[in-house]
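Survey of secondary and tertiary structure
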Amino acid sequence: MEAVRVLHDILIVWGWIAKMTTKFTYLFLIILSFAAFASAQDRQVMAQAERITGDKFPITLQTSRGATIYAAEEPTEAMLKAIDKGLTDLFAVARKNNYSKKLNYSDYTIYIARPDRMKDGTGKYSPDIAVGAAQYAGTEYDKGGYIYAAGMVVSQGKMAFVIANHTSDHARVSDLVRYEGEHLVLYHNDRRRYESSKDHSKGGGHPILQ
Ligand SMILES: [Zn+2]
C-alpha cells in the first residue's frame, strides 16, 4: 500500500509540474510575441528616421536620465546633457498645463542626424536637416523641393523625433528637444490641440506650451 501511495503522490506532483510548465510555456510565448511586435515597430520607426534624413543610425545609447538615442555619429556628452535638459523643461511645462501622460525620459527616442547645413540664411550657427518639402512646398520655407528643419517628429505613437547633431550652442538643442517634445506630449494628452498645432506651414511655431 505504501508503494501505491508514494506512486500516487509522485503522479500528483508530476501532474502539477506538467501543468505549471504548460502555463509558463504559454506565458513565455506571449512575452516573446509582444517582444517581436515591439521590435518590428522599432524597426519601422528606424526606417522612417532613415527615410526622412537619408542617414543611418548605427550608434545606440541612453542619456543619463534614460532617453533612448540613435545617432548617425558619436554625440558628445554635452549634446546628451542638453537633450536631458530639454526633456526636463518639457515635463515641467507639460505639468504646468495639467498634462501627465508620457512624462518619463524613457518614453522618448531621439534620433541624432548628420546636419545638412551648419548655418542659417543669416550666417548663424544652426545645424539643421534637409527634409522633403511636403506641405511646406511653395511656402517661404521651400528651398526647391526640400526645407531645412531644426527637428521633426518621426513617430507620434512611439514618441520619436529627429534633430541634427550639434557641437556648440547646446542651449539650442535643449530648446529643440522641448519643442519637438511638445508635439508628442500634445498627441498623448490633448489630441485636439495636437491637431491644431502640428503643421507649421499654416503659421504658428514654438513654444506651444507656456
Ligand atoms: Zn513643431
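Please read all numbers here as calculations on a predicted model, not as lab measurements. (Residues numbered from 1 in each chain as written. Predicted model: local features only at pLDDT ≥ 70, side-chain atom pairs only at ≥ 80, totals over all residues.)

1. Some points on the pairing of strand β3 (residues 109–113)
Burial of β3 is extensive: five of the five residues sit out of reach of the surface. Taking every second residue as pointing to the same face, both faces of β3 are buried, with Thr 109, Tyr 111 and Ala 113 on one and Ile 110 and Ile 112 on the other. For strand β2 (residues 68–71) and β3, the ladder comprises four bridges, and the chain directions are parallel. Each residue of the ladder has a partner; that of Tyr 70, found in β3, is Tyr 111. Taken together, β2, helix α2 (residues 77–96) and β3 constitute a β-α-β crossover, and its handedness is left-handed. Relative to strand β8 (residues 160–164), β3 is paired through five bridges, and the arrangement is parallel. Note on β8: the bridge partner recorded for Ile 112 is Ile 163. (Buried ≥ 20, exposed ≤ 12 C-beta atoms within 10 Å, placed from the backbone. Helix = DSSP H or I, 4+ residues; strand = E, 2+ residues; numbered from the N terminus. Pairing = 2+ DSSP bridges. Right-handed = clockwise from strand over helix to strand, strands pointing away.)

2. Side note on the packing of α2 against helix α3 (residues 170–189)
When two helices pack together, their arrangement is captured by the angle between the axes and the distance separating the axes. Across the interface, α2 lies against α3 with an axial gap of 7 Å and an inter-helix angle of 45°. One finds that α2 runs oblique with respect to α3. Handedness of the α2/α3 crossing: right-handed. Residue-level inspection shows Ala 78, Met 79, Ala 82, Ile 83, Lys 85, Gly 86, Leu 87, Asp 89, Leu 90 and Ala 94 of α2 in contact with α3, the latter providing His 170, Val 173, Ser 174, Asp 175, Leu 176, Val 177, Arg 178, Gly 181, Glu 182 and Val 185. For the contact of α2 with α3, a count of residues per class yields 11 nonpolar, four polar and five charged. (Axes fitted to C-alpha atoms, helices over the stretch in contact; angles between N-to-C directions. Parallel < 35°, antiparallel > 145°, perpendicular 65-115°, else oblique. Left-handed = near helix turned anticlockwise from the far one by under 90°. Contact = placed C-beta atoms within 7 Å. Nonpolar A, V, L, I, M, F, W, Y, C, P; charged D, E, K, R; others polar.)

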